[in-house]
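Notes for the structure review
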Amino acid sequence: MFAPSAAPRVFGLPPGVDFVRALADGLDARLPEGPEAVARVEIWVNTERARRALTDHYVTGRARLLPRIRVVTELAGDLVALSDLREPASALGRKLDLARLVGALLRAQPGLAAQSAAFDLADGLADLLDEMEGEGVNPTALGTLDAGEHAEHWQRSLAFLSILTDYIAVSAPTAGQGRMRAVALAYAAAWADRPPAHPILIAGSTGSRGPTRAFMAAVARLPQGAVILPGFDPDLSASVWGRLGSDDAGAADHPQHGFQRLAGTLGFDPTDVRPWHAVEPPAPARNRLVSLALRPAPVTDQWRTDGASLVPTLVEALEGVTWIEADAPRAEARTIAFALRDAAETGLRAALITPDRELARRVTAELARWSLRPDDSAGRPLALTPPGVLVSRLAALAEEPVTPEALLSLLKHPLTASTPGGRSPHLAQTGRLELELLRGGPPHLDWRMVRAFGAAHDAAEWTGWIEATLVPLAEAGGTLDLRTRRLRATAEALAAGVDGEPHALWDKEAGTQARLLLETLEAEAQDFGPVTAHEHRALLTTLLAGRDVPEDAVLTHAGISIWGTLEARVQTADLVILGGLNEGTWPRLPGPDPWLSRILRRRLGLPSPERVIGLSAHDFQQAMAAPRVILSRATRDAEAPTVASRWLLRLENLLTGLGPEAASALAASRARGREMLGRSAGLDRPEARVPAARRPAPKPPAKARPAELSVTQIETLVRDPYAIYARKVLALRRLDPLGRVPDAMARGSALHAALDAFVLATADDLPAEARRLFLDVTARTLAAEIPWPAMRILWTARLARSAAWFLETESDRRLRGTPLAREIRGTRAVEGLELPLNVTAKADRIDIGRDGYAIYDYKSGSVPSKKEAGAFHLQLPLEAAIAEAGGFPDLPPRRVAHIELIGIGQRRTLAELPDPGRTWARLVDLLRIYQDANTGYVARLRPRTLQYASDYDHLSRFGEWADGDVP
């Protein structure tokens, strides 16, 4: 197949070509006739997706045998019996070993980091060790580094690493880069004496990792071996290639820098790389433009000299390019989805290439409006799948009190009670439990209340199953394997339902991955020892986020794909969209290395951090060479304006400086982008204008109007009649929150209870030690009433500040009368109406004196002004009118001599309130008006403030109309 050669055999394919087709065509051109020739060929590709694409190409072509196609990452599991290589260590086992050592170090030197960071630090160490093993750097070299001339934090870092050196030196490599390198070197040693007779090709890999470069070096020198580089730029001159030999930032972020580094390892001259197959890229003029734009900064003076030759072809170069600059991430995703849908409708194969997973998820969500699901190469993180979510929620409950929100999130999870006949009755019981116990109930679950609910609703078995399933999570302490086993058992019991039937928790790929993760962690953690619940949650969060689950291929659209930059290297499409082209996203800037500075990395022989930018640039250059290209970015994110990717800025600067023809071509591509943005924006605009709702004033029949109102609802009737209509006529009530919350209502109830307890304790007389008694009684009452420790302390302090003022005014109240009744309910029928109507009340406190009753109302909030109280705050005058008519049980009709609002928070009172008789007469007139069928219940008639919010604003469609609109 190949002629003998002393130099390594390296070929290239230019950006933009159909790599799979060109690879197969070049192979066919070199093979002799006969069906068995291709079957003898062994091809190593860079990704599993590339293997599928190459297999599909051979399967759908003419009838022939298939070559043996393998993925480079399979090296880690290969060659077990060829040499004395040890079995690879488990990556998770290594992480746990490192975490144990890190934990011991942190206990010895707590100033280094928090104990809870042990697993995260172990992750960082494991990544560093994997990289060192892959690059062939012996971990014992860490001990030879001298950090004396470096900053103090680097010295601490090296001291930290040196503690682990002994362990690292004797540990077996994991099934990662270290194992791959060992296998690659074993292959090279075996082939040195007995090279294989069949052809071996490595195709599509850039050699960015040390193990892959070592394997490529071995294959390239085989008698029948070759390396085929993807996206190799044939337009670079020797001078540019020479500049790329440097490892500084200016050269390391060039798209071809990785090939120059590979040339140094393999020993070939990049200027002599021959094409694998004679194939013309779809946009050669654009390839030359991008190649010139991305040259290293010190030679961009060649833009003027070499750019002149590009001017005649610039219109052709940018003809298939659309430049989109959206004003928001959602607009960018919507436009990309629109372009993908448009391409699919016209029969084109379209792909979005982006490293931004958030953008990919947004585009997937936008495509759902047409019931399209793209073939996403990354899939979904296991943490976002149903099994992963359930495991995460259960882990969050360990050693924590169960809140109503947490309980409902578990009971309503789609995998809970996921048995053939158990799901429907389970959801019915869950809905009843939510409405009758959890909403407005205690902030944390009381299992006695749950058991009482089950007994009252013939659901004792169901509530018993919930308690038996979740209570084990509350057990304190435990080793890592015990906690994991407990978590898995809880998840399975929750999925099995009351009857313990076969469930769907571990079904499908996501379930299989989740179960394998928990079983592996349980097995590897047997010797780890105790961990806290927080540490266990942190570890599980990291493990779940680190695994991806592929999408179901049956449900995806064959013509729409979302690729990561790695998957896109050997694939192409008719339309390629480069999304998320912002600095920090594409390219993603190298993060800070917590262990080694750049100088220390260079001394160890580790690559520069900027090499990841060079890889991103190579992916950009390849994607830009597609037949049709859309460049897309959002000019701002959720927080601030964004900066365009450096490659877009280079293209823009180059085109701007090449004269009016280039500027016109750039403007045309941007105009196409604006036109596409406008068309996609129309997706969210209705075809016909929907008229806004008018301010409602419903007029129900007289018989449907309220037959009973409380004195507090009278103020609502005056201020917001629509709320009375919704509550009393439509019988709609806002659902209570899940569990009690420390809101104004809870504060008012607690302070009322505290003051009521004090009045009860001093009903006969105020003692000499009234302040001490006041503080003791209120503290005990709030301790019983308030389940939130922080709020209990705060509200107790408020009462303590008001104690002196309250006791001083209470002395005046005791001179006026003696406490007679507390929290007493009363009612009075309204005379003179066509239809019967009762007014009800609940008086906080009624005292009896020589002149008659004194009625008091406690206010935890602000006390209204005299004018506002006279117009709206009618509660106390109406209570007085009810008392004078004998409406309170066991209290005979009697004159009310005094009414008073007691403002605990503001420490002031208001006694100048409207006369009860006149107030009752006004009420009769008001209710007579509202019994007229022609009177409407106007929404927000007299709101308290400009920020007034009603429970029924959504029902009245407030916002489509304003407070000043005619009802």
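All of the points below concern the structure found in this document. (Residues numbered from 1 in each chain as written. Predicted model: local features only at pLDDT ≥ 70, side-chain atom pairs only at ≥ 80, totals over all residues. Heavy atoms only, no water.)

**Remarks on the overall build of the chain**
Worth spelling out the cut-off: Only runs of H or I of at least four residues qualify as helices and only runs of E of at least two qualify as strands under DSSP, and these elements are numbered from the N terminus. The globule rule used here is 2.2 Å times the number of residues to the 0.38 power, and the radius of gyration it is set against is calculated over C-alpha atoms. Each residue is assigned to one of three classes by its accessible area relative to the maximum for its type, calculated with a 1.4 Å probe on protein chains only: buried under 20%, partly exposed between the two thresholds, exposed over 50%. Every accessible area reported is derived by Shrake-Rupley at a probe size of 1.4 Å, with residue values counting cover from the shown protein chains alone. Within this scheme the basic residues Lys and Arg register as positive and the acidic residues Asp and Glu register as negative, but His and the chain ends are omitted. Throughout, a charge is located at the NZ atom of Lys, the CZ atom of Arg, the CG atom of Asp or the CD atom of Glu.
Along the backbone of the chain there are 37 helices and 20 strands. The globule rule puts the C-alpha radius of gyration for 967 residues at 30 Å, and the 38 Å found for the chain is more than 25% above it. Taking the principal axes of its C-alpha atoms as reference, the chain extends roughly 120 × 65 × 60 Å. Buried residues in the chain amount to 51% of all 967 residues. By element, 53% of the accessible surface of the chain is carried by carbon and sulfur atoms, the whole surface being about 43400 Å². One way to put it: in the chain the 114 positive side-chain charges average out to a point 3 Å from where the 119 negative ones average out.

**Topic: the pattern of salt bridges**
Definition in use: Here a salt bridge means any side-chain nitrogen of Lys or Arg lying within 4 Å of a carboxyl oxygen belonging to Asp or Glu.
The tally for this structure, following the rule as stated, stands at 58 salt bridges. Linking Arg-928 and Asp-925 is a salt bridge whose minimum nitrogen-to-oxygen distance equals 3.1 Å. A residue pair is termed a helical-turn pair when its members lie 3 or 4 positions apart in one helix, as Arg-928 and Asp-925 do in helix α36 (residues 916–930) at 3 residues. Overall, the relative accessible area of 40% leaves Arg-928 in the partly exposed class.

**Focus: unusual backbone geometry**
What is expected of a backbone is that most residues other than glycine have negative phi and most peptide bonds are trans. Put simply, Trp-586 and Pro-587 share a cis peptide bond, and its omega is 10°. Examined against the element boundaries, Pro-587 turns out to sit in the loop between β13 (575–578) and α25 (598–604). Phi is positive for Ser-371, which is not a glycine, with a value near 60°. Take Ser-371: it is sitting in the loop between α16 (357–367) and β9 (375–376). Classification of Ser-371 as exposed rests on a relative accessible area of 68%. Within the chain, Arg-957 stands out as a residue other than glycine whose phi angle is a positive 60°. As for its position among the elements, Arg-957 is in the segment after α37 (953–956). Judged by relative accessible area, Arg-957 falls into the partly exposed class, the value being 47%.

**Comments concerning the packing of helix α32 (residues 770–785) against helix α33 (residues 789–816)**
Spelled out, the test is: Axis definition: a line fitted to C-alpha atoms, limited for helices to the stretch in contact. Angles are taken between N-to-C directions and run from 0 to 180 degrees. Geometric relationships in this document are graded by angle, where less than 35 degrees denotes roughly parallel, more than 145 denotes roughly antiparallel, 65 to 115 denotes roughly perpendicular, and other angles denote oblique. By definition, any crossing whose near helix is turned counterclockwise from its far helix by less than a right angle is left-handed, and any crossing with a clockwise turn is right-handed. In what follows, a contact means two residues having at least one pair of non-hydrogen atoms within 4.5 Å. Only Asp, Glu, Lys and Arg are considered charged in this grouping, and only Ala, Val, Leu, Ile, Met, Phe, Trp, Tyr, Cys and Pro are considered nonpolar; every other residue, Gly among them, is considered polar.
Two elements in contact, α32 and α33, have axes whose closest approach is 10 Å; the angle formed by their N-to-C orientations is 150°. On the basis of the axis angle, α32 is roughly antiparallel to α33. The hand of the α32/α33 crossing is right-handed. Contacts between α32 and α33 involve Ala-770, Arg-771, Phe-774, Leu-775, Thr-778, Leu-782 and Ala-783 from the former and Arg-792, Trp-795, Thr-796, Leu-799, Ala-800, Ala-803, Ala-804, Phe-806 and Leu-807 from the latter. Here the residues of the contact of α32 with α33 sort into 12 nonpolar, 2 polar and 2 charged.

**A short note on the pairing of strand β18 (residues 852–859)**
We count it as follows: In this description, strands pair whenever DSSP reports at least two bridges between them.
Within β18, 7 of the 8 residues are buried, which leaves the element mostly enclosed by the surrounding structure. One ladder, built from 5 bridges, connects strand β17 (residues 838–849) with β18; its direction is antiparallel. Each residue of the ladder has a partner; that of Gly-849, found in β18, is Gly-852. Across 7 bridges, the pairing between β18 and strand β19 (residues 896–903) is parallel. Bridge pairing in β19 places Ala-854 opposite His-898.

**Description of empty space enclosed by the protein**
Where we set the bar: Here a cavity is any set of points on a 1 Å grid over the protein atoms alone where a 1.4 Å probe fits but cannot get out, and a pocket is any open set with protein on both sides within 12 Å along at least 5 of 7 lines; a residue lines the site when it has an atom within 4 Å of a point. Grid points are joined across faces, edges and corners, and a volume is the space filled by probe spheres set on the points.
Inspection of every chain in the model, using the stated rule, returns 9 cavities of 30 Å³ or more. What the largest cavity holds in volume is close to 160 Å³. Among the elements of the structure, α11 (257–266) and α26 (611–623) are those that each provide at least two residues to the lining of the largest cavity. Ranked by the residues each element gives to the lining of the largest cavity, the list is headed by α11, at 5 residues. For the lining of the largest cavity, the class distribution of residues is 5 nonpolar, 8 polar and 3 charged. Of the volumes computed, that of the second largest cavity is approximately 140 Å³.

**Re the pairing of strand β14 (residues 628–634)**
With 6 of 7 residues buried, β14 lies mostly within the body of the structure. Two strands pair when backbone bridges link them, and strand β7 (residues 321–326) and β14 are joined in this way by 6 bridges, in the parallel orientation. Within β14, the residue paired with Ile-324 across the bridge is Ser-632. When β13 meets β14, the two strands line up parallel, connected through 4 bridges. Note that in β14 the partner of Val-576 across the bridge is Val-629.

**What to know about the nonpolar core**
Keep this limit in mind: Residues belong to a common nonpolar core when they are buried Ala, Val, Leu, Ile, Met, Phe, Trp, Tyr or Cys residues joined through side-chain atoms within 4.5 Å.
Formed by 72 residues in total, the largest nonpolar core has its most connected members in Leu-96, Leu-394, Leu-407 and Leu-596. When neighbours within four sequence positions are excluded, Leu-407 is seen to be in contact with Val-402, Leu-433, Leu-438, Leu-445, Ile-466 and Leu-470. Ile-714, Leu-837, Ile-882 and Phe-888 belong to the second largest nonpolar core, which has 45 residues in total.

**Here's the deal with the packing of aromatic side chains**
Heads up, the condition is: Note on aromatic contacts: the rings of Phe and Tyr and the six-membered ring of Trp form a pair at centre separations within 6.5 Å, being stacked when their planes are under 30 degrees apart, edge-to-face when over 60 apart, and tilted otherwise.
In this structure the tally under the stated criterion is 19 aromatic pairs. Ring geometry for Phe-232 and Phe-259: centres 5.8 Å apart, planes at 40°, overall tilted. Of this pair, Phe-232 sits in the loop between β5 (225–229) and α9 (238–243) while Phe-259 sits in helix α11; the two residues are 27 residues apart in sequence, bridging distant segments of the chain. By the burial criterion, Phe-232 is buried, and Phe-259 matches it. Pairing Trp-586 with Phe-620 gives two aromatic rings, centres 6.5 Å apart and planes at 90°, and the pair type is edge-to-face. With Trp-586 in the loop between β13 and α25 and Phe-620 in helix α26, the pair connects residues that are 34 residues apart, well separated along the chain.

**Details of the sheet that holds strand β8 (residues 350–353)**
In space, the 6 strands of this open sheet follow the order β7-β14-β13-β8-β12-β9, with parallel pairing throughout. Unpaired on one side and paired on the other, β7 and β9 mark the two borders of the sheet. Helix α28 (residues 660–681) contacts β7 and β14 of the sheet and is inclined by roughly 55° relative to β7.

**Some thoughts on the sheet that holds strand β1 (residues 10–12)**
Judged by pairing direction, the sheet is parallel, and its 6 strands sit side by side in the order β3-β2-β4-β5-β1-β6 without closing on themselves. Of all strands in the sheet, those bounded by a partner on one side alone are β3 (68–71) and β6 (274–275). Here 3 bridges tie β1 to β5, and the two strands are oriented parallel to one another. What sits directly across from Phe-11, in β5, is Ile-228. Lying over the sheet, helix α8 (residues 210–220) contacts β2 (42–45), β4 (200–203) and β5, oriented at roughly 130° with respect to β5.

**Some remarks on the environment of Ala-317**
Checked against the element boundaries, Ala-317 lands in helix α14 (residues 314–318). Along the sequence, Ala-317 and Ala-283 sit 34 residues apart, while their C-alpha atoms lie 6.7 Å from each other.

**Observations concerning helix α23 (residues 508–524)**
Defined as follows: Multiplying 1.5 Å by the residue count of a helix minus one yields the expected span of that helix. Taken from the helix axis, the directions to the C-beta atoms give the arc we talk about.
In this model α23 runs 24 Å from its N-terminal to its C-terminal C-alpha over 17 residues, within 8% of the 24 Å that 1.5 Å per residue would give. Three or more residues of α23 are buried, namely Ala-510, Gly-511, Gln-513, Ala-514, Leu-517, Leu-518, Leu-521 and Glu-522. Seen end-on, α23 carries its buried residues on one side only, within an arc spanning 165°.

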